[in-house]
Amino acid sequence: GDFAASAELIEFQYEGETLVSRTHQYLPSDTIHQKISYTYLPNGSLHKELYAYTYTGELQVEWINEYEYSPNGDLFKKSSYNPDSPDTRSWAQYYWKNGNVNKIENYYGGSLRYESFFTYDNATNYKLGNPFFNDYEASLVNKNNLTQVKYVDYSGVLDLACNPCNYAYQYNNQSLPVKVTGPSSFASELTISYEMIERDIN
């Protein structure tokens, strides 16, 4: 059969400064196949992400991520579920130290399945405020860059490519990473370049 190259168009919809939804469509089709809608708490924190898909011919919400926060505003709990079958609910509980998440407990069916432990460097997290990373744990606003993740599995079903998983950074003289190297099993390397905009200070 013929193989036609296709591209995905992702559009971000805003109300003022606030991201309200994101749509995905494969070009050249004009049909949206996925829409993610965002709702917020009165203080502006993300409350829910509603994932709608067109499996049935029309956009239907099939998955929800719901976020809860501690009194000081840190993400405390993220629940994920299918609105039509609440028994699919899983959740993650977050623990913070020095502005970074240092542990996540992952629960499914009411029991602790696995824990993740995180280590960071002292440089400012390069993903902060960058819309390109907006679906990278939307509320996980760590202060520093991740250097290691370690897992403890209680379920026996965690399929890990690495444990621990290590990340390394090469920084420029503004302390911005120009090269990020992920775990060797992923053979991942990200090169980043920056364009400095001169601003007149009056």
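Residues numbered from 1 in each chain as written. Predicted model: local features only at pLDDT ≥ 70, side-chain atom pairs only at ≥ 80, totals over all residues. Heavy atoms only, no water.

Caption draft 1: Region of the structure containing the side chain of Asn125. Here Asn125 lies in the loop between β9 (111-124) and β10 (144-153). Here Asn142 takes part through its backbone oxygen, which lies 3.0 Å from a polar atom of the side chain of Asn125. Those residues in contact with Asn125 that lie beyond four places of it in its chain are Asn142, Lys143, Asn144 and Asn145. (Helix = DSSP H or I, 4+ residues; strand = E, 2+ residues; numbered from the N terminus. Polar contact = N/O pair within 3.5 Å; in protein donor to acceptor, adjacent residues only side chain to side chain. Contact = heavy atoms within 4.5 Å.)

Caption draft 2: Region of interest: the sheet that holds strand β1 (residues 7-15). Ordered by their spatial adjacency, eleven strands build an open sheet running β1-β2-β3-β4-β5-β6-β7-β8-β9-β10-β11, and the pairing between neighbours is antiparallel. The strands lining the two open edges of the sheet, one partner per strand, are β1 and β11 (165-166). Pairing analysis gives six bridges linking strand β5 (residues 60-69) to strand β6 (residues 75-82), with the strands arranged antiparallel. Along β6, the bridge assignment pairs Glu66 with Ser79. (Pairing = 2+ DSSP bridges.)

Caption draft 3: Examining the environment of Lys150 more closely. For Lys150, the position within the fold is in strand β10. Lys150 sits in the partly exposed class, given a relative accessible area of 43%. Expressed as a C-alpha distance, the spacing of Lys150 and Lys103, which sit 47 residues apart in the sequence, is 9.5 Å. Beyond its immediate sequence surroundings of up to four residues, Lys150 is in contact with Glu115, Ser116, Phe117, Asn163 and Pro164. (Buried < 20%, exposed > 50% of the residue type's maximum accessible area, 1.4 Å probe, protein only.)

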